[in-house]
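Residue strings, one per chain:
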Amino acid sequence: MINKESQEAILSALQTLKGGEVIATAHTLDQPDLVEGLLVLGGSARLVVDKGQSHGTRTKLQFQSLQQLVRGGVRVRVVSGSHLAAVYSADNRDTSRIGKGQRGIQHSKTFAISKDGQFQLIIGSCNWTTASRSNAEAGVLLTGSCGHEVYQQYTENFERLWKEAVVFDGTRVAEEEPRRRVFGKQSAPTEED
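Each value, and the rule that gives it
Residues numbered from 1 in each chain as written. Predicted model: local features only at pLDDT ≥ 70, side-chain atom pairs only at ≥ 80, totals over all residues. Heavy atoms only, no water. Pairing = 2+ DSSP bridges. Helix = DSSP H or I, 4+ residues; strand = E, 2+ residues; numbered from the N terminus. Contact = heavy atoms within 4.5 Å. Axes fitted to C-alpha atoms, helices over the stretch in contact; angles between N-to-C directions. Phe/Tyr/Trp six-rings, centres within 6.5 Å; stacked < 30°, edge-to-face > 60°. Buried < 20%, exposed > 50% of the residue type's maximum accessible area, 1.4 Å probe, protein only.

1. Structural notes on the sheet that holds strand β6 (residues 139–145)
Strand order in this open sheet of seven strands is β6-β5-β4-β1-β2-β3-β7, and the pairing throughout is mixed. What marks the edges here is a single partner per strand, and that holds for β6 and β7 (166–167). Both strand β3 (residues 75–79) and β7 contribute to a ladder of two bridges, which runs antiparallel. When the sheet's bridge partners are listed, R77 is paired in β7 with V167. Contacting β1 (21–26), β4 (110–115), β5 (118–124) and β6, helix α1 (residues 5–16) crosses the sheet at an angle of about 25° to β4.

What follows is the structure, encoded as structure tokens:
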């Protein structure tokens, strides 16, 4: 799948899903049709999104979209990645410019729909946003039995993320230390600051 085909595949699957379950991960999410599709499922949908993107400052409508999902019964949690200093140190790289507590991001973009022992799993680079529909993206649609090893590994990873994540209750999420790009010896603010 390329460009917006990942989102269209999700929408198609959501329209036919009755009595199934969705587990999904997103870095960013604000695409109205996907939000509406998840709202139809309510409590049978779980979503893990990046904590840093869930403030409503970077992806302007994500905060409102997540609030809408929570009000509609979708279970939403937010999470960050690992501590940057730990992974840089493991690669024997300089950690002196990495702020205390600075973490990576939740960057996966996945959507798993299961019903009657069968699954559809979409994995790719496409964010679940309107803006990403204009990007050059790539995605893969996998289908099969929920007992398949690929689906089992995916659900195990999702459950690990779910346990690490904190509940998004519709209120502002505390920001972590801002990320900065380093140019020479100075630190310049990014568009996120």
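2. Quick notes on the packing of aromatic side chains
Each aromatic ring pair is specified by the distance between its two centres and by the angle formed by the two planes. Here the structure, examined in full by the defined rule, presents five aromatic pairs. Aromatic pair F111 and W128: ring centres 5.8 Å apart, planes at 85°, arrangement edge-to-face. Highlighted residues: F111 in strand β4 and W128 in the loop between β5 and β6, separated in sequence by 17 residues. Ring centres of F119 and Y151 lie 4.6 Å apart, and the angle between their planes is 15°; this geometry places the pair in the stacked category. Of this pair, F119 sits in strand β5 while Y151 sits in helix α5 (residues 149–164); the two residues are 32 residues apart in sequence, bridging distant segments of the chain. Look at F119 and you get buried, because its relative accessible area is 4%. Assessed through its relative accessible area of 6%, Y151 is described here as buried.

3. Comments concerning unusual backbone geometry
Residue N92 is not a glycine yet carries a positive backbone phi of 55°. With respect to the secondary-structure elements, N92 resides in the loop between α4 (84–90) and β4. If you check the backbone angles, D116 has positive phi at about 55° while not being a glycine.

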